[in-house]
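Letter by letter, the chains look like this.
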Amino acid sequence: MLMPFHFAYHVTDLDAARAFYGGTLGCAEGRSTETWVDFDFFGHQISLHLGEPFANAPTGKVGDHMVPMPHFGLVLDVDRFQTLADRLDAAGVAFVIPPTLRFEGQPGEQWTMFFRDPSGNPIEVKGYPSADQVFAS
């Protein structure tokens, strides 16, 4: 059994984080205090702490796009990816890179999208037709 990852990072406003991660993304809230809150991030644990978010800049060249670095993200199957993309679109989230198919017909074919949380933290979500394509080369 694969165990989930844990990632802790800063946000500037816990109420905005709750609205985004809990409302927009649909993540279940876990434990919290006045200074942090945990979420079930699609089966993984993220801990959002009040503070200054990590610096990032569009320095990662991926295909024709410059993507924010550093960033973190998630791998989903294509159906869950599309459901999430639809949720984000319906909520009016501004995409850094809108849902895009990459490597079509090649090993590792994937959907990808980049967006930011309300504190500016960059998030990438990838969607694969099958798990065996995640590490295909």
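Whatever comes next refers back to the structure up there.
These figures come from a predicted structure and were not determined experimentally.

**A closer look at the overall build of the chain**
Stage number 1. Regarding its fold elements, the chain presents two helices and 10 strands.
Stage number 2. Along the chain, from the amino end to the carboxyl end, the secondary structure elements read β-α-β-β-β-β-β-β-α-β-β-β.
Stage number 3. For the C-alpha atoms alone, the extent of the chain along its principal axes is close to 50 × 35 × 25 Å.
Stage number 4. Split into buried and exposed, the 137 residues of the chain put 33% on the buried side.
Stage number 5. Contacts spanning at least 24 positions in sequence make up 53% of the contacts within the chain whose residues lie at least 6 apart.
Stage number 6. Carbon and sulfur atoms form 56% of the exposed surface of the chain, whose accessible area is close to 7600 Å².
Stage number 7. Both charge centroids of the chain, one from 8 positive and one from 17 negative side chains, sit 3 Å from each other.

**What to know about the sheet that holds strand 3 (residues 36-41)**
Strand pairing within a sheet occurs via backbone hydrogen bonds; the two strands may be parallel or antiparallel.
Stage number 1. The sheet built from four strands is open, its strands ordered 1-4-3-2 with mixed pairing. Looking along the sheet, the strands with just one partner apiece sit at the ends: strand 1 (6-11) and strand 2 (28-32). Across this sheet, the average inter-strand angle for adjacent strands is 25°, counted without regard to direction.
Stage number 2. In the sheet, strand 3 pairs with strand 4 (residues 44-50) via six bridges, with the strands oriented antiparallel. Bridge pairing links V37 to L48 in strand 4.

**Re the sheet that holds strand 9 (residues 110-116)**
Stage number 1. With mixed pairing, the four strands of this open sheet are ordered in space as 7-10-9-8. Looking at which strands have only one partner, the edges of the open sheet turn out to be strand 7 (72-77) and strand 8 (95-102). With direction set aside, neighbouring strand axes in the sheet form an average angle of 15°.
Stage number 2. Relative to strand 9, strand 8 runs antiparallel, the two sharing five bridges. Bridged to I97 within strand 9 is F114.

**Side note on the environment of Q133**
Stage number 1. Its place among the elements puts Q133 in the segment after strand 10 (122-128).
Stage number 2. Between the alpha carbons of Q133 and G108 there is a distance of 4.8 Å; along the sequence they are 25 residues apart.
Stage number 3. Q133 has contacts with Q106, P107, G108, E109 and Y128, leaving out every residue within four places of it along the chain.
Stage number 4. A distance of 2.8 Å separates a polar side-chain atom of Q133 from the backbone nitrogen of G108.

**Describing helix 1 (residues 14-24)**
Stage number 1. For helix 1, the set of buried residues is L14, A17, F20, Y21 and T24. Down the axis, helix 1 shows its buried residues gathered within 160° of arc, on one side only.
Stage number 2. Looking at the packing, one finds that the buried side of helix 1 touches strand 1, strand 3, strand 4, helix 2 (78-90), strand 9 and strand 10.
Stage number 3. Downstream of helix 1 by a residue or two, G26 has a phi angle that is positive, lying close to 80°.

Definitions and cut-offs
Residues numbered from 1 in each chain as written. Predicted model: local features only at pLDDT ≥ 70, side-chain atom pairs only at ≥ 80, totals over all residues. Heavy atoms only, no water. Helix = DSSP H or I, 4+ residues; strand = E, 2+ residues; numbered from the N terminus. Buried < 20%, exposed > 50% of the residue type's maximum accessible area, 1.4 Å probe, protein only. Contact = heavy atoms within 4.5 Å. Areas by Shrake-Rupley, 256 points an atom, 1.4 Å probe, with all protein chains shown as cover. Lys, Arg positive; Asp, Glu negative; His and termini not counted. Charge placed at Lys NZ, Arg CZ, Asp CG, Glu CD. Pairing = 2+ DSSP bridges. Axes fitted to C-alpha atoms, helices over the stretch in contact; angles between N-to-C directions. Polar contact = N/O pair within 3.5 Å; in protein donor to acceptor, adjacent residues only side chain to side chain. Arc of directions from axis to C-beta.

Distances and angles like these do not, on their own, reveal function.
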